[in-house]
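# Fold and contact review
Okay, here's what each chain looks like letter by letter:
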Amino acid sequence: MINYMSSKKLNIKALLNLPQANIEVAVDAWVRTKRQSKNVAFLALNDGSTIHNLQAVVDVDDQIESILDRIHTGASVHVEGILIPSEGKGQSYELKTTTIHIWGEANPDEYPLQPKKHSLEFLREIAHLRFRSNLFGAVTRIRHAMIFAIHNYFNQNGFYNVHTPIITASDAEGAGEMFQVTTLDLNNLPKTEDGSIDYSKDFFGKSANLTVSGQLEAELAAMALSKVYTFGPTFRAENSNTSRHLAEFWMIEPEVAFADINDDMDLAEGLLKYCVQYALDHCNDDLQFLSERIIAEEKSLPEKDRSMELIEKLKMVVDNDFVRITYTEAIDILKNSNPNKKKKFNYIIEAWGADLQSEHERYLVEKHFQKPVILTDYPKEIKAFYMKLNEDNQTVRAMDILFPGIGEIVGGSQREEDYEKLVGRMREMHIPEKEMSWYLDTRKFGSAPHAGFGLGFERLLLFVTGMGNVRDVIAFPRTPKNCEF
RNA sequence: UCCUCUUUAGCUCAGUUGGUUAGAGCACCUGACUGUUAAUCAGGGGGUCCUUGGUUCAAGUCCAAGAAGGGGAGCCA
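Here the largest pocket defines a volume of roughly 1,400 Å³. Classifying every residue of the lining of the largest pocket gives 16 nonpolar, 15 polar and 15 charged. Its volume calculated, the second largest pocket comes out at about 1,000 Å³. Contributing to the lining of the second largest pocket are 34 residues, with Glu298, Arg306, Ser307, Met308 and Lys313 lying nearest its centre. Elements with a contribution of two residues or more to the lining of the second largest pocket: α7 (284-297), α8 (310-319), α11 (358-369) and α14 (457-465). Tallying contributions element by element places α7 first for the lining of the second largest pocket, with five residues. Across the lining of the second largest pocket, the residue classes break down as 13 nonpolar, seven polar and 14 charged.

What follows deals with unusual backbone geometry. One non-glycine residue, Lys343, adopts positive backbone phi at about 60°. Structurally, Lys343 can be placed in the loop between α10 (338-341) and α11. Not every positive phi belongs to a glycine, and His430 is a case in point at roughly 55°. With respect to the helices and strands, the residue His430 is situated in the loop between α12 (419-428) and α13 (437-444). Residue classification places His430 among the exposed residues on the basis of a relative accessible area of 71%.

Nonpolar side chains collect at one region of the surface, where Ile166, Ile167, Phe203 and Phe204 lie side by side and expose about 400 Å² of accessible area between them. Position of Ile167 among the secondary structure elements: in strand β7 (residues 167-168). By relative accessible area, which is 38% here, Ile167 ends up partly exposed.

Quick look at the packing of α7 against α8 now. Contact geometry of α7 with α8 gives a least axis separation of 8 Å together with a crossing angle of 120°. What the angle tells us is that α7 and α8 run oblique. Packed against α7, whose contacting residues are Asn284, Leu287, Gln288, Leu290, Ser291 and Ile294, the element α8 presents Leu310, Ile311 and Leu314 at the interface.

The next thing to look at is the pattern of salt bridges. Enumeration over the complete set of coordinates arrives at 21 salt bridges. When the shortest N-O distance is used, the salt bridge between Arg130 and Asp472 registers 3.4 Å. Of this pair, Arg130 sits in the loop between α3 (120-125) and α4 (134-156) while Asp472 sits in the segment after α14, placing them 342 residues apart in sequence. Assigned by exposure class, Arg130 and Asp472 land together as buried. With its nearest N and O atoms 3.7 Å apart, the salt bridge here joins Lys388 to Glu416. With Lys388 in the loop between β13 (373-379) and β14 (395-403) and Glu416 in the loop between β15 (407-414) and α12, this residue pair connects regions lying 28 residues apart in the sequence.

A few words now on the confidence of the model for chain A. Caution applies to low-pLDDT regions: their predicted coordinates should not be interpreted in detail. Per-residue confidence for chain A averages 90 on the pLDDT scale, and 97% of its residues sit at or above 70. Reported confidences for the modelled complex are a pTM of 0.92 and an ipTM of 0.84.

Attention now moves to the protein's contact with RNA strand B. Neighbouring RNA strand B are 51 residues, the closest being Lys89, Glu94, Gln114, Thr242 and Arg459. Here, RNA strand B places atoms within 4 Å of the protein, and 50% of those atoms are sugar or phosphate. Within the side chain of Asp109, one N or O atom sits 2.9 Å away from a sugar or linking oxygen of RNA strand B. Measuring from a sugar or linking oxygen of RNA strand B, one finds a side-chain N or O atom of Arg236 at 2.7 Å. Within the residue set of the surface near RNA strand B, elements represented by two or more residues are β1 (23-36), β2 (40-46), β5 (93-104), α3, β11 (248-257), α11, β15 and β16 (450-456). Among the elements that line the surface near RNA strand B, the one with the most residues is β15, at four residues. In terms of residue class, the surface near RNA strand B is built from 10 nonpolar, 24 polar and 17 charged.

Thresholds applied
In this numbering scheme, every chain counts its residues from 1 along its sequence in written order. All chains are assigned letters beginning at A, and all ligands numbers beginning at 1, according to the order in which they are written. In keeping with the predicted nature of the model, local features appear solely for residues at pLDDT of at least 70, side-chain atom pairs appear and are counted solely at 80 or more, and the whole-chain, interface and lining totals rest on all residues. Calculated side-chain values reflect all of the structure's heavy atoms, with hydrogen atoms and water omitted. Put plainly, a pocket is an open set of points on a 1 Å grid over the protein atoms alone with protein on both sides within 12 Å along at least five of seven lines, a cavity is a set where a 1.4 Å probe fits but cannot get out, and a lining residue has an atom within 4 Å of a point. Grid points are joined across faces, edges and corners, and a volume is the space filled by probe spheres set on the points. Think of it as three bins: nonpolar holds Ala, Val, Leu, Ile, Met, Phe, Trp, Tyr, Cys and Pro, charged holds Asp, Glu, Lys and Arg, and polar takes everything else, Gly as well. The secondary structure listing takes helices from DSSP runs of H or I that are at least 4 residues long and strands from runs of E that are at least 2 residues long, numbered from the N terminus. The buried label applies to any residue whose accessible area, calculated with a 1.4 Å probe on protein chains only, is under 20% of its type's maximum; exposed applies above 50%, and partly exposed to all values in between. A residue counts toward a patch only above 30% relative accessible area and without a salt bridge, and it is joined to like-charged neighbours within 9 Å or, for Val, Leu, Ile, Met, Phe, Trp and Tyr, to nonpolar neighbours within 5 Å. Surface accessibility in these figures is a Shrake-Rupley result with a 1.4 Å probe; residues are shielded only by whichever protein chains are displayed. For this analysis, a salt bridge means a side-chain nitrogen from Lys or Arg found within 4 Å of a carboxyl oxygen belonging to Asp or Glu. With axes taken as lines fitted to C-alpha atoms, and helix axes fitted only over the stretch in contact, angles between N-to-C directions fall between 0 and 180 degrees. Convention used here: angles under 35 degrees read as roughly parallel, angles over 145 as roughly antiparallel, angles from 65 to 115 as roughly perpendicular, and any remaining angle as oblique. Contacts: residue pairs with any heavy atoms within 4.5 Å of one another. Residue-level confidence of the predictor is summarised by pLDDT, bounded by 0 at the bottom and 100 at the top. Residues are counted as near a molecule or strand when any one of their heavy atoms sits within 4 Å of it. Polar contact is the term for a pair of N or O atoms within 3.5 Å; when the atoms are in protein, one must be able to donate a hydrogen and the other to accept it, and sequence-neighboring residues count only if both atoms are side-chain atoms.

Below is the structure:
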């Protein structure tokens, strides 16, 4: 029995980048397509290291034909041979095959992936196999690159990563509906004398939920380590069915002490530009593939409805400063805008204080400025309790970053560091002080101005990959009525 | 949750005014082919027309309810 594991192996990305060929190599990979004629067969091999396939060229004889007969799209194989300059067009190198070993067959009557374009909806239904598509392979590699870039950026800038809790008993931030975590028997709930559920019998001795944000805990860490960030899973039990929402998503939340809202905006803009530049520098092949895919997809659209070419769009973000305007300025622009005057908006902007709808954000980003926009200083009524009150007593130092095609990608603020003002805001918004004493302690002992934001990781990926739905940039999306795999 | 569209072969889709045995391309199987690039050419097999109920001599097609999915909105990241 030959031990195929012991052979000298390189991944396909490394092989295709070798400066010269004519060497013996071994490759483990999955078969994308097989093309066979009487005397020669071609296997397109992919091991996920790159979007590109390695072409194995196989001279057909009786013995090898019996192996080839068992190889179909999706099979995993070990192939040995000599890497040579390709005799055919379409690739620089190819593998002149001497040995084929099948690790695992893929029954073609059952294997759902074909060497053709599948719909995103179909791929979502076979999420366990869609890693093997060109598209999801590219997205997955870019997702990894962005995770890496984020940690890199913060590490290089003196931030410490903190793991904030995933299970939490505080329901303070009001960021959305929460998933409850319990070990109680739902068919036989313990009750108190007044008939309500007796959470003292629950695992933690009180009601607990999955986190909707690591921000409050990150603030605690920032009040000692100065610059921290979290990057973890976040859970929202909202019944939102959109291309931009998940029940389980990943969020980046930096928190910086001795920083104001301008520092916060600089940090966010710096992070976003670093990530996009990192993708341009490290994911060129995958971006190229995604770009071509979008162009093919939009070919039938009239020119005015087509989106900017992906790589051009990414460069545009890196090369241009984000527009920074206040909410008040945005309202003025919107009030005087054509769609507002001609009543094209579904929600007409009439007065200061109105919450901005998606259509307004899109107008500002996609029509008026045509680049990322940071909106600041929102009315306090439409923002969270912890945001720092401006001297006008009307607005808070919030900042939202709006991206073309995506909308809000970052939401952040300078935090209210004044104990009395913070307690005042909590009372106005009916947030229980008692349960939040640990949070308020930071304002009691050595309080300091500080700021932070939340960046939706999947929304960043939407922008970088040009995909249209967050369900296609996370391996196993969790959405209302969907928890497969 | 609201508005809207969709659901026909493994996949992508066509199916006329309600009318005989529901079609195509791809995939699969068989054969041909000396180098292909989602190979090509010829032939073949493959259907709970989303579900339930209704109208009708007759329903893939019309009506009602439901389910699943897409797009948009709200909420947000």
